[in-house]
Amino acid sequence: MTYDNQNIFAKILRGEIPCIKLFEDAHTLAFMDIMPQAEGHALVIPKEPATTLFELSDEAAAACMATVRRIGNAQKKGLGATGIVLMQLNGAEAGQTVPHFHIHVIPGSIADLRRPHATALADTAHLKAVSEKIVASI
Ligand code: AMP
């Protein structure tokens, strides 16, 4: 699959548009989802350009999982989450809306994910307040 370097996460990685950052290392970036399906909904992306899991290198996939663990642990500690749902969509046919590989890290239970996917923008001040609790627990 050809990678579109104008996708919104590529722009976030280049610093062309802002994000509410949670964590960054040499290979990954974690930030708040602006249309969360639950309180504390975060995204982990690789810096490597890849549209889906099937184009991503093994090294970048491993780096993403390490960051997912870090964020999930911080959601547990900082938000008191006892369950963490991971979601990862590959291809528009699967419902993927941003064509840069990402893993959704969502505190709560699959049974609570009643908010529709990628639809309602959350209040930025509220997202920042939630992000601070996660960041403080990383
Ligand atoms: P997917 O449909 O799996 O590709 O998920 C893309 C996710 O990115 C959705 O949950 C959107 O709410 C989220 N999203 C879209 N634009 C942004 C943005 N600028 N900053 C943070 N999250 C975003």
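Residues numbered from 1 in each chain as written. Predicted model: local features only at pLDDT ≥ 70, side-chain atom pairs only at ≥ 80, totals over all residues. Heavy atoms only, no water.

A. Just the site of the ligand, in detail. Around the ligand, a shell composed of 18 residues is seen, among which Asp33, Thr97, His102, His104 and His117 lie nearest. In this structure, isoleucine 34 approaches the ligand through a main-chain N or O atom, which is 3.4 Å from a nitrogen atom. Take histidine 102: an N or O atom from its side chain is 2.8 Å from an oxygen atom of the ligand. Relative to its unbound accessible surface of 500 Å², the ligand loses 95% to contact with the protein. Where the shell around the ligand is concerned, the elements lending two or more residues are α1 (8-13) and β2 (28-32). Looking at which element gives the most residues to the shell around the ligand, the answer is α1, with three residues. (Near = heavy atom within 4 Å. Polar contact = N/O pair within 3.5 Å; in protein donor to acceptor, adjacent residues only side chain to side chain. Areas by Shrake-Rupley, 256 points an atom, 1.4 Å probe, with all protein chains shown as cover. Helix = DSSP H or I, 4+ residues; strand = E, 2+ residues; numbered from the N terminus.)

As far as function goes, none of this settles anything; it's purely spatial.
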